Structures are given as structure tokens and as C-alpha cells.
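Understanding the architecture of this molecule
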Amino acid sequence: MLRSVGQERSTGSTEDPRVTELRTAVSRLRRELAGHPAEFPDRGIAEDELAALDAMAVSGRPEIPRLRRSLLLVAGAIGSVSALAPRLRDVRIAVDLFGEPRHRP
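Throughout what follows, the structure given in this document is the object of discussion. (Residues numbered from 1 in each chain as written. Predicted model: local features only at pLDDT ≥ 70, side-chain atom pairs only at ≥ 80, totals over all residues. Heavy atoms only, no water.)

Bringing the pattern of salt bridges into the picture now. For the structure shown, the criterion picks out 10 salt bridges. With its nearest N and O atoms 3.1 Å apart, the salt bridge here joins Glu32 to Arg87. Taken together, the residues Glu32 in helix α1 (residues 17-35) and Arg87 in helix α4 (residues 85-96) connect sequence positions 55 residues apart. Put simply, Arg66 and Glu49 hold a salt bridge, and the shortest N to O gap is 3.2 Å. (Salt bridge = Lys/Arg side-chain N within 4 Å of Asp/Glu carboxyl O. Helix = DSSP H or I, 4+ residues; strand = E, 2+ residues; numbered from the N terminus.)

Printed below as a string of C-alpha cells:
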């Protein structure tokens, strides 16, 4: 394909890598949760908060306090389901990528 002089080639998405990581981690956990055979009381809460996390990631600029709140709700809802622990950990790591440096006293 010919390009005009001075025209630059599009390199694709400029999505923040942290957003990409969060979307990937949330997607994996959502798939595993959907495929998990056991019903548990707070499954709906986990599904709703994972959807909220995904929506925040899609927006491109998630609010850190809201990310952490959703993560806590998901962890509380599915924390006792050990089969989902590795994917939950991945979501936590992805959320932590957005964190501000913590100051030690």
C-alpha cells in the first residue's frame, strides 16, 4: 500500500497496558466463574462487580478507589472458592498496577 509523503502508519491501539492487563484478568476470572459448577450465595455480587471492573477498564481511566472497592467485593464474594483463587489473584495484581505509591510511616 502506498502512503503519502509525511503520512505515518497507524500502529494500532494506544491502550494503557495497565488497562489491558486488568481487562484480561477480569475476563479470565469471569470465564472461570461462569464455568464453575458450584452455586454460592454471593455469586451474583461477584458477577456484578466483575462487570463493573470491566466497564471501568473499558472507559480507559478507572478510578482507583472504585477499583479497590470492586476488588474487595469480588474477593469477599468468591474468596472461599479455592478453584478461583489464582484468577482472583491476577485481578488483584492488575488492580494494584493502578495504585499510587504507598508511603511507609
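There's plenty left to go through after this.
Our next topic: α4. The end-to-end C-alpha distance of α4, which contains 12 residues, comes to 16 Å, matching closely the 16 Å that a straight helix rising 1.5 Å per residue would cover. Of all the residues in α4, the buried ones are Leu88, Asp90, Val91, Ala94 and Val95. Buried residues along α4 cover an arc of 155 degrees about the axis, so they all sit on one side. Of the surrounding elements, those touching the buried residues of α4 are α1, α2 (43-59) and α3 (64-78). (Expected span 1.5 Å × (residues − 1). Buried < 20%, exposed > 50% of the residue type's maximum accessible area, 1.4 Å probe, protein only. Arc of directions from axis to C-beta. Contact = heavy atoms within 4.5 Å.)

Residue position: Ser70 is located in helix α3. Setting aside its immediate chain neighbours within four residues, Ser70 contacts Glu49, Ala52, Leu53 and Met56.

Let us look at the packing of α2 against α3. As a packed pair, α2 and α3 sit with axes 8 Å apart at the nearest point and diverge in direction by 155 degrees. With respect to their mutual orientation, α2 and α3 come out roughly antiparallel. The element α2 and its partner α3 pack so that their crossing is left-handed. Along the contact surface, α2 presents Ile45, Ala46, Glu49, Leu50, Ala52, Leu53 and Met56, while α3 presents Arg66, Leu67, Arg69, Ser70, Leu73, Val74, Ala77 and Ile78. Considering only residue class, the contact of α2 with α3 consists of 11 nonpolar, 1 polar and 3 charged. (Axes fitted to C-alpha atoms, helices over the stretch in contact; angles between N-to-C directions. Parallel < 35°, antiparallel > 145°, perpendicular 65-115°, else oblique. Left-handed = near helix turned anticlockwise from the far one by under 90°. Nonpolar A, V, L, I, M, F, W, Y, C, P; charged D, E, K, R; others polar.)

The next subject is the nonpolar core. By size, the foremost hydrophobic cluster in this structure holds 26 residues, and its most contacted members are Leu22, Leu29, Leu53, Ile78 and Val91. Counting residues per element, the ones that place at least two in this core are α1, α2, α3 and α4. Each residue touching Leu29, except ones within four places of it in the same chain, is listed here: Leu50, Val74, Ile78, Leu84, Arg87, Leu88 and Val91. (Core = buried A, V, L, I, M, F, W, Y, C linked by side-chain atoms within 4.5 Å.)

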